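# Coordinate inspection notes
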Amino acid sequence: CSSDLLGKIDYTLGAEYRRQQGITGKSNSVGFFVSAPLPVFNRNQGEIARAGAARYQSEQQVTARRAEIAAEVARAYQEFATNRDLAAAIQRDLLTPATSAREISAYTYRAGGSTLVELLDAQRAFNDTMVTYTETQASLRRAAARLNAATSTSPPRSAEPSPSAAGASTRE
């Protein structure tokens, strides 16, 4: 609508009184006036252009922020998935064999088939594996917290590996 483009029109009302004394005599005059701008050539195009540029800039900022958020979520998810897969691999490929080796070594030591050094070596290997697994679990929890912060949601519980039964009996 063209009245929206023109904006508000400012009217000015006024009055004046003049009293003159001169050689020819006295005179009094009263005047009233009304003033209104006539936007013949000015259709407020500069302000309209400024508002359009501000709108475009705001849209670009929103688009940039959305891209930034999407990248942050993608990074957080990638970190979470990597740590989840690493924790599952450590549990499957390292923790289970280390637990088994420790139990076998303890059994053979009790049966007299191995030395105390071999038992302690198996326990040390198991402890090193548990430290690695625990550090990986901590990294997984930190990644899950970052993912939660990036998306304002929690990751699915089924995505996290369950702690092993071997972790419950860490000492002989």
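Predicted model only: the values in this text are computed from it and were never measured. (Residues numbered from 1 in each chain as written. Predicted model: local features only at pLDDT ≥ 70, side-chain atom pairs only at ≥ 80, totals over all residues. Heavy atoms only, no water.)

## Comments concerning the overall build of the protein
In terms of helices and strands, the protein carries 3 helices and 2 strands. N-terminal to C-terminal, the α/β element order of the protein is α-β-β-α-α. Of the contacts formed within the protein by residues at least 6 apart in sequence, a portion of 64% connects residues at least 24 apart. Element-wise, carbon and sulfur atoms account for 57% of the exposed surface of the protein, whose accessible area totals about 12,900 Å². (Helix = DSSP H or I, 4+ residues; strand = E, 2+ residues; numbered from the N terminus. Contact = heavy atoms within 4.5 Å. Areas by Shrake-Rupley, 256 points an atom, 1.4 Å probe, with all protein chains shown as cover.)

## Observations regarding the pattern of salt bridges
According to the stated counting rule, one finds 9 salt bridges in the structure shown. Across the pair Arg92 and Asp93 runs a salt bridge, and its minimum N-O distance is 3.1 Å. The class for Arg92 is exposed, based on a relative accessible area of 53%. We note a salt bridge from Asp121 to Arg124, for which the minimum N-O separation is 2.6 Å. Separated by 3 residues within a single helix, Asp121 and Arg124 lie in helix α3 (residues 116-151), roughly one turn from each other. (Salt bridge = Lys/Arg side-chain N within 4 Å of Asp/Glu carboxyl O. Buried < 20%, exposed > 50% of the residue type's maximum accessible area, 1.4 Å probe, protein only.)

## Details of the nonpolar core
Counting residues in hydrophobic clusters, the biggest one holds 8 residues: Ala76, Phe80, Ala87, Leu140, Ala143, Ala144, Leu147 and Ala150. Mapped onto this core, the elements with two or more residues apiece are α2 (45-111) and α3. Take this core: its biggest share by element is 5 residues, from α3. By size, the runner-up hydrophobic cluster in this structure holds 6 residues, among which are Ala98, Phe126, Met130 and Tyr133. (Core = buried A, V, L, I, M, F, W, Y, C linked by side-chain atoms within 4.5 Å.)

## Section: the environment of Asn148
Secondary-structure assignment places Asn148 in helix α3. As a C-alpha pair, Asn148 and Val73 span 75 residues in sequence and 9.1 Å in three-dimensional space.

## Structural notes on the packing of aromatic side chains
One pass over the structure, following the stated rule, counts 0 aromatic pairs. One Lys or Arg, Arg102, reaches over the ring of Phe126 and ends 4.0 Å from the middle of that ring. (Phe/Tyr/Trp six-rings, centres within 6.5 Å; stacked < 30°, edge-to-face > 60°. Lys NZ or Arg CZ within 6 Å of the ring centre and 35° of its normal.)

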